Every structure is written in C-alpha cells, then in structure tokens.
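This is what each chain is made of:
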Amino acid sequence: MSEGKVKLGIIGAGNIGGVHASQFSKLQELCELTAITDVYRPQAERRAAKYGIKHVLDTPEALVQHQEVEAVIIGVPNQYHAELAVKALEAGKHVLLEKPMALNGEEARKIYEAANQTDKVLMVSHQMRFESVPMQMKAQIDRGELGRIYTAKTGWYRRKGIPGWGTWFTRMNESGGGPLIDIGVHMLDLALYLMGNPKPVSVYGATYAEFGPKKKGIGTWGKPNWSGAFDVEDLATALIKMEDGSSLSLEVSWAVHMDTDNHPFIHLMGTEGGASYRGPKGKLLTEKFDRPFEVDIMKPEDDEGERLRLSRHFLACIMEGKEPISSALTGLTNNMIIDAIYESSRTGNEVKLDWNR
Ligand SMILES: NC(=O)c1ccc[n+]([C@@H]2O[C@H](COP(=O)([O-])OP(=O)(O)OC[C@H]3O[C@@H](n4cnc5c(N)ncnc54)[C@H](O)[C@@H]3O)[C@@H](O)[C@H]2O)c1
C-alpha cells in the first residue's frame, strides 16, 4: 500500500505517454508526475516542461531505479514491454503497461510470472473497459439480466487505417502483429471481460495482408516511413471457444473494402437477454410481453472519460492493495489467443491453448 500521493514515472513520451501525462496531471490530489524518459530526450523534455515533471532521466533503467518513483507507466513500442515491465517489477515498482501486454505469449508469461513474485500492481492499459456504455452493460450482466452468455461477436474494421506504415507498428518483430494485436486486442479484452472471463481453450483463425504490402489503406495515425517495411496482417478473423462451451468471434482490420459504420462493435448473446455495443452507443435487448424489447444505453453528457477512470483505478489499486480489473492474467490470456490465431492461420488447423505450463 502507498501512503500519500503516488509518485509516477513515465517511460515513453510519445503519443500515449502524452495521453497518460495529461490524465494523471488531472489527479493531483492522488499522484505526482515525478520522472520521465524517452530514447529521444527532447520529447521527454517537452512533456516534462508541459506537465511540470521534475526529473528527465536518460534511460528506462535510471527511471525504474529512481528512489522517488513508486509506479511506472510504460508507453513504448510493444517489443520493449516485457523487458521494461519485468525490470520495473523487479525494482519494486507498480506498473501501468500499455496494450498489448507483450509481443507474444512467451513474453507475456515473463511479465505474469514477475508480477506473481511481487505484491506490486501490474495493470494493462485497456481503457475501453472504463468507457461508460460497456460499464453500464457490465453492471447489468453482473445483475444476471442477460442470463448465461453463450456466444458473442466483436470486431473493429477500418477502411483506411494502417497506422505509421513502415514504422514499428507494421514490423512484426517490433509490434508482434498488425490490427489483431493493435486494435483487436482491445476488442478481445473487452468481450472476454463482459463475458465474465471464461477460460479460452481453442482457436481457429485466418489472417490476410492485401493492402499494406501495396502501400494502400494508409491511415492518419503516425507518420509513415516509406523506406520501412510492412510484414504484418491487415485483416484477421477468428473463432475462440471456451471451456464452458461459450464462443467468441473476433474480426478486425486496418484496411478493407467494406461499410465500416458503427464500429467497433460487441454483441453479447445471453439466454435471457443481449447487449450490443456500437462505437459510443449501446443497447440492452430482451423479449417482453411476447415481443422484442430494447433499451438504449447512452454515455452521460458530463462523462469524465474512460482514460481518467482508468488512471483512478490504477491509483486505487496501488493505494488499496487491490488487483486491477485488467490484470497480468487477462493480458497473458489475450496474448495467448493472439498467438493461437496466427498459428492457426499459418497451419490451417485449430489450435488448443496450453494452460499447463
Ligand atoms: N491504449 C491505447 O489506446 C493506445 C493508443 C496508442 C498506443 N498505445 C500503445 O502505446 C505504446 C506506444 O505507442 P505510441 O502510439 O505512443 O507510440 P509512439 O511511437 O508515439 O511513442 C513511443 C515513444 O517511445 C519512445 N521509445 C521507443 N523505445 C524506447 C525505449 N526503449 N525506451 C524509452 N523510450 C522509448 C519513442 O522515442 C517514442 O517517443 C504501444 O504499445 C501502443 O500499442 C495504446
């Protein structure tokens, strides 16, 4: 447990590092932004000046060893997640780690094991769990309004959304994959959470790369590097089966010729009712008086936002010694499923998840 304000250090002062700095800076009664580092030092200096961060450090190692820092926020490319999260946990720091937890299941397991060796908090940054509409859906699910959720569908298609072509985003060894690990991991994470975290046991999947290799489907996120490479998928589709017999279909793309209105989506189908999430809107559905019956779920106008709620949850877990809702186990589960989708696509076979390791 922590007493007083939690002192935070940020590793990675890029897009998401800036988002975290801005959110935690709104919670000054609970925390203090104490240190920051980035391989590109001017970027760290800019953020430090903007948010009044005392220490700009030269390396992630210096930051995790810094005696004032109690909790570390990791917002660097995926290939560094495992190494830095393990270092921070071993240095006795709490960790808020950007998604995906790791490049693959092997690396995710190292974080999971390191987290289990300490009493520190390891939380994966899945802000969609903190969006108002999914939170309202979850409250109804927990009250039993949907009955048993036996199947679900989730997906996120972008028509023209390849981020940073040629940068780490589109290089397998640095990102661990394309849209599946970039945006698919959010949908997988949220769908499993809303389903009540059933244990996945097998996966059948297929992936395609039809736009990226032709330098088509480029989005506005990130600056392209035309001398870089694209060796990831741009579309993935999968069916995941759970131990309790339930199933989840997952579909995701960065670029596709398809009507992509009302994305991302999750449809949960339960024995007593259903819930549908489409972008910022949601619906609860059932049958009443022998007719289809549905209720809209809206985000309140004064909603403070999912990212602020996520930041508060991280601090509350530290202060109260609680396990976060997006724990190391859920991060490992997501990575294991994603690995299995790639393996199934490569081999053409169903892949069984190995939980006995
Ligand atoms: N939760 C979300 O909605 C969300 C959104 C965007 C990105 N992300 C995740 O955040 C992470 C970073 O993405 P981004 O968009 O901010 O990327 P980015 O490229 O904008 O920023 C990454 C920063 O890390 C720095 N960096 C790279 N390697 C480093 C190292 N070893 N040590 C210190 N600094 C290093 C870079 O100089 C850069 O400033 C990724 O894992 C990504 O998946 C999450």
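Structure: see above.
Basis of the calculations
Residues numbered from 1 in each chain as written. Predicted model: local features only at pLDDT ≥ 70, side-chain atom pairs only at ≥ 80, totals over all residues. Heavy atoms only, no water. 1 Å grid on protein atoms, 1.4 Å probe; cavity = no way out; pocket = protein on both sides within 12 Å on 5 of 7 lines; lining within 4 Å. Points joined across faces, edges and corners; volume = space filled by probe spheres on them. Helix = DSSP H or I, 4+ residues; strand = E, 2+ residues; numbered from the N terminus. Nonpolar A, V, L, I, M, F, W, Y, C, P; charged D, E, K, R; others polar. Salt bridge = Lys/Arg side-chain N within 4 Å of Asp/Glu carboxyl O. Buried < 20%, exposed > 50% of the residue type's maximum accessible area, 1.4 Å probe, protein only.

**Looking at the layout of surface pockets**
If you add up the space inside the largest pocket, you get close to 1200 Å³. Around the largest pocket, the lining is made up of 47 residues, and of these Asn15, Ile16, Trp168, Phe169 and Trp221 lie nearest the centre. Looking at the lining of the largest pocket, the element that brings in the most residues is helix 8 (residues 179-194), giving 4 residues. Looking at the lining of the largest pocket residue by residue, the classes come out as 20 nonpolar, 15 polar and 12 charged.

**Description of the pattern of salt bridges**
Across all of its chains, the model carries 17 salt bridges by this definition. Between Lys120 and Asp119 there is a salt bridge whose closest N-O contact spans 4.0 Å. For Lys120, a relative accessible area of 27% corresponds to the partly exposed category. Notably, a salt bridge pairs Glu294 with Lys283, separated by 2.8 Å at the nearest N-O pair. Taken as a pair, Glu294 in strand 14 (residues 291-297) and Lys283 in strand 13 (residues 281-288) lie far apart in primary sequence, 11 residues in all. Note on Glu294: relative accessible area 44%, which makes it partly exposed. The exposure class assigned to Lys283 is partly exposed, which follows from its relative accessible area of 30%. Counted as one network, the salt bridges with shared partners bring together Arg41, Glu45 and Asp58.

**Notes on unusual backbone geometry**
Following Lys99, the chain continues into Pro100 via a peptide bond in cis, with omega recorded as -10 degrees. A cis amide bond links His263 to the next residue, Pro264, at an omega of -5 degrees. Of note in the backbone geometry, Lys215 takes a positive phi value of approximately 55 degrees without being a glycine. Locating Lys215 in the fold gives a position in the loop between strand 8 (200-208) and strand 9 (235-242). Although it is not a glycine, Asn262 sits at a positive phi angle of roughly 60 degrees. Here Asn262 lies in the loop between strand 10 (247-253) and strand 11 (265-270).

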